[in-house]
Amino acid sequence: MSDFSEQLTKPVTEDEQVETSVSSGTGMHFPWLQKQLETVVTGGKKKKDFAQTTSACLEFIQEALLRHQWQRAAEYMHSYLQTLEDSDSYKRQTAPEVIWKLGSEILFYHPKSNVETFNTFADRMKNIGVLNYLKISLQHALYLLHHGMFEDADRNLSQAETWRYGEKSSSQEVLINLVQAYKGLLQYYTWSKKKMELSEFDEDDYAYTSKSQNMLSQSCKTSVNICALIKVPGVWDPFVKSYVEMLEFYGDQDGARNVLTNYAYDEKFPSNPNAHIYLYDFLKREKAPRAKLISVLKILHEIVPSHKLMLEFHMLLRKSEKEEHRKLGLGVLFGVLDFAGCTKNKTAWRYLAKYLKLMLMESHTVWVQEEWNSRKNWWPAFHFSSFWAKTDWKEDTALAFEKAYVAGILLGKGCRYFRYILKQDHQILKKKIKRMKKSVKKYSIVNPGV
């Protein structure tokens, strides 16, 4: 792309200040904007101060990035490099990180950019911004991964893994752990491919034994690289999943369970729905007791009440003999349908229709009333309007039927949604609608005709 990356270590000369443009080897054109920036006008006065010039240039770059004007951003970037020579020591120290973030964004999206240009820019920035060496190396590796260059990414991470600057700080240690973990993720990728190849061989085959030993060696390297990171509080989903898969493959169920339990329950770690999902899936594979599965999903319900696993959670609660679980099973269904993204979830409506009838048959009217009281002011418009009755019937008659049943129980046969569906002449659902009418008359929690 540009040679704004090549200008990073090159001081600005007087000849370059009067030059009007610079052409790169890739055919890109970069006007030298020093004169323009020196004559930025505000309130009729020229800004000649160096800090004001670079500040204005930064604003131009940000505006160009927001508008996805990559060529324009690159042109301004060429001039912004002078901030590396700022007399303010703080600005001079922070400049490399700003330049890296802006420059890498431009190079990633610019239509004339390529991997070679990005590599050159990244290598130069590592030398200029030594304090950001690890961050730049990591982002550089991710860029290479994005382009499918796994070997180059691995080599890049290996170099960063051994890099040290001054005394080892805590932040530097976390970054080193992260670099090592991504290296472990690349090793996991290799291990995963070998695992697929292994399935093609017979266990008695010599090739099977050879490949299996090779995989074990690979998994040991991966474990070492990932272990340190997942002990540090944070959200490490891909690393945890990869590590647990390998532990399970080699039969270390206890190790896998400990990793997932710590990831989900350690108070030092941030709240993370995926941590509880991974633990639940693992316990389910282990055929853990229902009580254990319920305890995991109960926390997930508190964090994400609309998660697709909540329907599974409802079925577990429904089968429980504990009254508190059966009551919670009702609240879980109402909770799912509180969210706009779940309004057309036919399974959720079917479960709620059946469960409402069951609860009322078992004389748990109070439970139903408790859930409905907090929703009766907004659910009718949210779910049971005439508009939704017509739309649902047109798009999915089965969904409309389930919703009408729930509407009839909660709002009575005077509900608009219920009345609209009741009037429809549908041969397949005719008998069901007739039964629904009788059931609603019997189990509705409001007075008939309301």
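Above: the structure in question.
The following refers to the structure shown.

## Considerations on the packing of aromatic side chains
Link 1 in the chain: Overall, the coordinates contain 25 aromatic pairs when judged by the stated rule.
Link 2 in the chain: Plain terms: the ring middles of Phe-108 and Tyr-143 are 6.0 Å apart, the flat faces sit at 70 degrees to each other, and that makes the pair edge-to-face. You can see Phe-108 sitting in helix 5 (residues 89-109) and its partner Tyr-143 sitting in helix 7 (residues 133-146), a full 35 residues away along the chain.
Link 3 in the chain: Judged by relative accessible area, Phe-108 falls into the partly exposed class, the value being 33%.
Link 4 in the chain: A centroid spacing of 5.1 Å and a plane angle of 90 degrees characterise the contact between Phe-249 and Tyr-250, whose relative ring orientation is edge-to-face.
Link 5 in the chain: Classification of Phe-249 by relative accessible area gives partly exposed; the value is 35%.
Link 6 in the chain: Classification of Tyr-250 by relative accessible area gives partly exposed; the value is 32%.

## Things to note about a positive patch on the surface
Link 1 in the chain: A cluster of basic residues, Lys-357, Lys-431, Arg-435 and Lys-442, forms a positive patch at the surface.
Link 2 in the chain: Of the residues forming the positive patch, the biggest block, 3 residues, is contributed by helix 23 (residues 430-443).
Link 3 in the chain: Within the secondary structure layout, Arg-435 lies in helix 23.

## Considerations on the nonpolar core
Link 1 in the chain: Of all hydrophobic cores here, the largest spans 114 residues; its most connected members are Ile-99, Trp-236, Leu-352, Leu-356, Trp-379, Leu-410 and Tyr-417.
Link 2 in the chain: For Tyr-417, the residues in contact, after removing those within four places along its chain, are His-383, Phe-384, Ser-385, Trp-388, Ala-389, Asp-392, Ala-400, Lys-403, Ala-404 and Ala-407.

## Describing the packing of helix 5 against helix 7
Link 1 in the chain: Closest axis-to-axis distance for the helix 5/helix 7 pair is 12 Å, and the angle between their directions is 5 degrees. When the axes of helix 5 and helix 7 are compared, the pair comes out roughly parallel. In contact with Glu-97, Trp-100 and Phe-108 of helix 5, helix 7 contributes Lys-135, Ile-136, Gln-139, Tyr-143 and His-146.
Link 2 in the chain: Grouping the constituent residues of the contact of helix 5 with helix 7 by class yields 4 nonpolar, 2 polar and 2 charged.

## Structural notes on the pattern of salt bridges
Link 1 in the chain: Across all of its chains, the model carries 19 salt bridges by this definition.
Link 2 in the chain: Note that Lys-346 is salt-bridged to Asp-396, the shortest N-O span being 3.3 Å. Residue Lys-346 is located in helix 17 (residues 346-361), and its partner Asp-396 is located in the loop between helix 20 (386-395) and helix 21 (397-411); the two are separated by 50 residues in the primary sequence.
Link 3 in the chain: The exposure class of Asp-396 is partly exposed, given its relative accessible area of 24%.
Link 4 in the chain: A single network of salt bridges, built from pairs that share partners, joins Lys-344, Asp-392, Glu-395 and Lys-403.

## Remarks on the side chain of Asn-177
Link 1 in the chain: Structurally, the position occupied by Asn-177 is in helix 9 (residues 170-198).
Link 2 in the chain: Each residue touching Asn-177, except ones within four places of it in the same chain, is listed here: Asn-225, Ala-228, Leu-229 and Val-232.

## Focus: the packing of helix 14 (residues 290-303) against helix 15 (residues 310-319)
Link 1 in the chain: Closest axis-to-axis distance for the helix 14/helix 15 pair is 10 Å, and the angle between their directions is 135 degrees. Between helix 14 and helix 15, the angle falls in the class oblique. Like other packed secondary-structure pairs, helix 14 and helix 15 cross with a definite hand, here left-handed. Of the residues in helix 15, those in contact with Arg-290, Leu-293, Ile-294, Leu-297, Lys-298, Leu-300 and His-301 of helix 14 are Met-310, Phe-313, Leu-316, Leu-317 and Lys-319.
Link 2 in the chain: When grouped by side-chain class, the residues that make up the contact of helix 14 with helix 15 number 8 nonpolar, 1 polar and 3 charged.

## What about helix 11 (residues 237-249)?
Link 1 in the chain: Counted at 1.5 Å a residue, the expected span for helix 11 with its 13 residues is 18 Å, and the 18 Å between its end C-alpha atoms agrees.
Link 2 in the chain: Turning to helix 11, its buried residues are Asp-237, Phe-239, Val-240, Ser-242, Tyr-243, Val-244, Met-246 and Leu-247.

## A closer look at unusual backbone geometry
Link 1 in the chain: Positive phi is not limited to glycine here, since His-68 has a value of about 60 degrees.
Link 2 in the chain: By the secondary structure assignment, His-68 is in the loop between helix 3 (50-66) and helix 4 (70-80).
Link 3 in the chain: Here the phi dihedral of Ser-363 falls at roughly 65 degrees; this positive angle occurs in a residue that is not glycine.
Link 4 in the chain: Following the sequence through the fold, Ser-363 ends up in the loop between helix 17 and helix 18 (365-373).
Link 5 in the chain: Its relative accessible area of 62% is what places Ser-363 among the exposed residues.

## Structural notes on the environment of Trp-100
Link 1 in the chain: Take Trp-100: it is sitting in helix 5.
Link 2 in the chain: Spatially, the C-alpha atoms of Trp-100 and Ile-136 are 7.7 Å apart, while their sequence positions differ by 36 residues.
Link 3 in the chain: What Trp-100 contacts, discounting residues up to four positions off in sequence, is Phe-118, Phe-121, Ala-122, Met-125, Ile-136 and Gln-139.
Link 4 in the chain: Within the structure, the side chain of Trp-100 is placed 2.4 Å from the side chain of Gln-139, a separation counted as a polar contact.

## Regarding the environment of Val-296
Link 1 in the chain: Summarising the element assignment, Val-296 is placed in helix 14.
Link 2 in the chain: Considered as a pair, Val-296 and Tyr-280 are 16 residues apart in the sequence and their alpha carbons are 6.2 Å apart.
Link 3 in the chain: Residue contacts for Val-296: discarding those within four places in its chain leaves Tyr-265, His-276, Leu-279, Tyr-280 and Leu-283.

Parameters at a glance
- Residues numbered from 1 in each chain as written.
- Predicted model: local features only at pLDDT ≥ 70, side-chain atom pairs only at ≥ 80, totals over all residues.
- Heavy atoms only, no water.
- Phe/Tyr/Trp six-rings, centres within 6.5 Å; stacked < 30°, edge-to-face > 60°.
- Helix = DSSP H or I, 4+ residues; strand = E, 2+ residues; numbered from the N terminus.
- Buried < 20%, exposed > 50% of the residue type's maximum accessible area, 1.4 Å probe, protein only.
- Patch = residues over 30% accessible without salt bridge, like charges linked within 9 Å, V, L, I, M, F, W, Y side chains within 5 Å.
- Areas by Shrake-Rupley, 256 points an atom, 1.4 Å probe, with all protein chains shown as cover.
- Salt bridge = Lys/Arg side-chain N within 4 Å of Asp/Glu carboxyl O.
- Lys, Arg positive; Asp, Glu negative; His and termini not counted.
- Charge placed at Lys NZ, Arg CZ, Asp CG, Glu CD.
- Core = buried A, V, L, I, M, F, W, Y, C linked by side-chain atoms within 4.5 Å.
- Contact = heavy atoms within 4.5 Å.
- Axes fitted to C-alpha atoms, helices over the stretch in contact; angles between N-to-C directions.
- Parallel < 35°, antiparallel > 145°, perpendicular 65-115°, else oblique.
- Nonpolar A, V, L, I, M, F, W, Y, C, P; charged D, E, K, R; others polar.
- Left-handed = near helix turned anticlockwise from the far one by under 90°.
- Expected span 1.5 Å × (residues − 1).
- Polar contact = N/O pair within 3.5 Å; in protein donor to acceptor, adjacent residues only side chain to side chain.

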